[in-house]
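# Commentary on secondary and tertiary structure
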Amino acid sequence: FVTLRRTETMAFALNAGVCTSFGSNKRAVRTKNEMARTRRAGRRMLMNSSDDLYETARVGEMGFIGAADEIDRTNSSFGALNKLSEQDKILGSTCMLSKGGKEGNLECFYRSAGPEDGEAVVLIHGLPSSSYCYRGVLPLLAERGYRALAPDLIGFGFSDKPQPGYGFDYTSQEYFDTLECFLEEQNVDQFTVVVNGWFAPLALNFVFERVADRVKSIIMLNSPLPPQSPKLPISMQRWGWPGFIGDGFCQDPMSVERALEGGGPYFIDLNDADVYRRPYMLSGNAGFALGGAVRKLDLDNAFAAVEQGFRSWEKPVCIAWGESDKYLKASVVSDFKEQICGDAQVTMLSDVGHYAAEDYAERVAAAVINFLKRTAN
């Protein structure tokens, strides 16, 4: 069934450390298999309805937002944000990374599920997502006995977000250092890696360059691949524009939500959207980190390295592809399979967009589990 839901949206005066509540937002909400999804229906309308100012603070490892004592959290939009602790299926943990950047000592937030002795599956999120996108996949993998781990890359989610030039420059080698350190901290030796979206080239090159002997198989969810080597969508290119123009787009929490929704057929459930917005509401550092990461993607060289890596790769490869991807064409898959990796196994996912795990966790988990079973030694 379809219902209409109204909720407050938020915009923050980041430099002042305060936020202003903005109008209401209509969305058509469809619930299926206990996972709320929203289908694109009509145009979002934002109307200014309040001038209230609230204090913001990071509270606990999830970075929950705290408001002034006199605020009725049940009726305010801040209340919706604060209640996310009850709805987040996997709260997650943090670990310190001794490597990465100029000084190390970066805090990495991650979500995990499953037995410590289970076969490890490491899931790397796309741009500008976070490990929260895998919240529905992790428990399904854990039910089958896998140990599933999904870190927030530095600069995203609830991991540390150094400003570029202040200890971390968001280069590929710095990301390789942090990912390698994360695996060490979690005592992960042999594992399967799952990648998605525009961070896939970075994650794949990490595999080829640093941990090729430890990776048992590769699973790609709607990832840009050679030889097509697609360009970054304009909605994401803007974050990398130079100067204050790019910084302005990066500091807009709604631009992140729009990018996440723009890749597929659904609106993100409002409570889930709040989780993605929250880091950008808490500090301007999240926006600066986003811009730094996009400016250092260097996709042309990354695609060339990915192609070279796959040409010598002899372990199992799977592509699980959401057919409703609005950022990437399905021909990316056929060209990759025909010209670069003929042994890749392809699974097409109906009613799934670019951020496959966000759109349909059950189908993504089923594709991962079936592939792991087929390729088990």
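Residues numbered from 1 in each chain as written. Predicted model: local features only at pLDDT ≥ 70, side-chain atom pairs only at ≥ 80, totals over all residues. Heavy atoms only, no water.

## Quick notes on the overall build of the chain
For the chain, the helix and strand inventory stands at 14 helices and 15 strands. Taking all 377 residues of the chain together, 57% fall into the buried category. Counted over contacts in the chain with a minimum sequence separation of 6, partners at least 24 positions apart contribute 73%. Surface accessibility of the chain: about 15600 Å² in total, with carbon and sulfur atoms responsible for 48%. (Helix = DSSP H or I, 4+ residues; strand = E, 2+ residues; numbered from the N terminus. Buried < 20%, exposed > 50% of the residue type's maximum accessible area, 1.4 Å probe, protein only. Contact = heavy atoms within 4.5 Å. Areas by Shrake-Rupley, 256 points an atom, 1.4 Å probe, with all protein chains shown as cover.)

## Things to note about the packing of helix α5 (residues 200-210) against helix α11 (residues 299-311)
The N-to-C vectors of α5 and α11 enclose an angle of 45°; their axes lie 9 Å apart at closest approach. On the basis of their axis angle, the class for α5 and α11 is oblique. Classified by chirality, the crossing of α11 by α5 is left-handed. For the pair α5 and α11, the contacting residues are Pro201, Leu204, Asn205 and Phe208 in the first and Leu299, Ala302, Phe303, Ala305, Val306, Gly309 and Phe310 in the second. (Axes fitted to C-alpha atoms, helices over the stretch in contact; angles between N-to-C directions. Parallel < 35°, antiparallel > 145°, perpendicular 65-115°, else oblique. Left-handed = near helix turned anticlockwise from the far one by under 90°.)

## Remarks on the environment of lysine 296
With respect to the helices and strands, lysine 296 occurs in the loop between α10 (285-295) and α11. The partly exposed category is assigned to lysine 296, whose relative accessible area is 39%. For lysine 296 and aspartate 169, which are 127 residues apart along the polypeptide, the C-alpha to C-alpha distance reads 8.2 Å. Those residues within four positions of lysine 296 in sequence are excluded, and the remaining contacts are Asp169, Tyr170 and Thr171.

## Quick notes on the nonpolar core
Of all hydrophobic cores here, the largest spans 108 residues; its most connected members are Leu123, Leu127, Tyr134, Ile218, Met220 and Phe310. Tallying contributions element by element places helix α14 (residues 361-374) first for this core, with eight residues. With near-sequence residues (within four places) excluded, leucine 123 lies in contact with Tyr134, Val137, Leu138, Leu141, Ala148, Leu149, Ala150, Pro151 and Val194. (Core = buried A, V, L, I, M, F, W, Y, C linked by side-chain atoms within 4.5 Å.)

## A few points about the packing of aromatic side chains
The way to describe two aromatic rings as a pair is by their centre distance and the angle between their planes. Enumeration over the complete set of coordinates arrives at 13 aromatic pairs. Centroid distance phenylalanine 168 to tyrosine 175: 5.5 Å. Interplanar angle 80°. Geometry classified as edge-to-face. Accessibility assignment for this pair places phenylalanine 168 and tyrosine 175 in one class, buried. When the centroid spacing of 5.6 Å and the interplanar angle of 65° are considered together, the rings of phenylalanine 208 and tryptophan 313 count as edge-to-face. Here phenylalanine 208 is found in helix α5, whereas its partner tryptophan 313 is found in the loop between α11 and β14 (317-322), with 105 residues between them in sequence. A relative accessible area of 18% places phenylalanine 208 in the buried class. Residue tryptophan 313 is classed as buried on the basis of its relative accessible area of 13%. Put simply, the rings of Phe156, Phe168, Tyr170, Tyr175 and Phe199 pair up and form one aromatic cluster. The lysine or arginine in question, arginine 363, covers the ring of tyrosine 360, its NZ or CZ lying 4.0 Å from the ring centre. (Phe/Tyr/Trp six-rings, centres within 6.5 Å; stacked < 30°, edge-to-face > 60°. Lys NZ or Arg CZ within 6 Å of the ring centre and 35° of its normal.)

## Things to note about the layout of surface pockets
Here the largest pocket is characterised by a volume of approximately 280 Å³. Considering the residues around the largest pocket, the lining is formed by 22 residues, among which Ser172, Phe176, Asn205, Asn301 and Ala302 are closest to the centre. It is α11 that contributes the most residues to the lining of the largest pocket, six residues altogether. Split by residue class, the lining of the largest pocket holds twelve nonpolar, seven polar and three charged. (1 Å grid on protein atoms, 1.4 Å probe; cavity = no way out; pocket = protein on both sides within 12 Å on 5 of 7 lines; lining within 4 Å. Points joined across faces, edges and corners; volume = space filled by probe spheres on them. Nonpolar A, V, L, I, M, F, W, Y, C, P; charged D, E, K, R; others polar.)

## Description of the environment of phenylalanine 208
Separated by 105 residues in sequence, phenylalanine 208 and tryptophan 313 have C-alpha atoms that sit 8.5 Å apart. Residue contacts for phenylalanine 208: discarding those within four places in its chain leaves Ile218, Ala305, Val306, Gly309, Phe310 and Trp313.

## A closer look at the pattern of salt bridges
Evaluated as defined, the whole model comprises 16 salt bridges. Taking the shortest distance from any N to any O, the salt bridge between glutamate 180 and lysine 99 comes out at 3.9 Å. You can see glutamate 180 sitting in helix α4 (residues 172-185) and its partner lysine 99 sitting in the loop between β7 (93-97) and β8 (106-113), a full 81 residues away along the chain. The shortest N-O distance in the salt bridge between lysine 231 and aspartate 300 comes to 3.7 Å. (Salt bridge = Lys/Arg side-chain N within 4 Å of Asp/Glu carboxyl O.)

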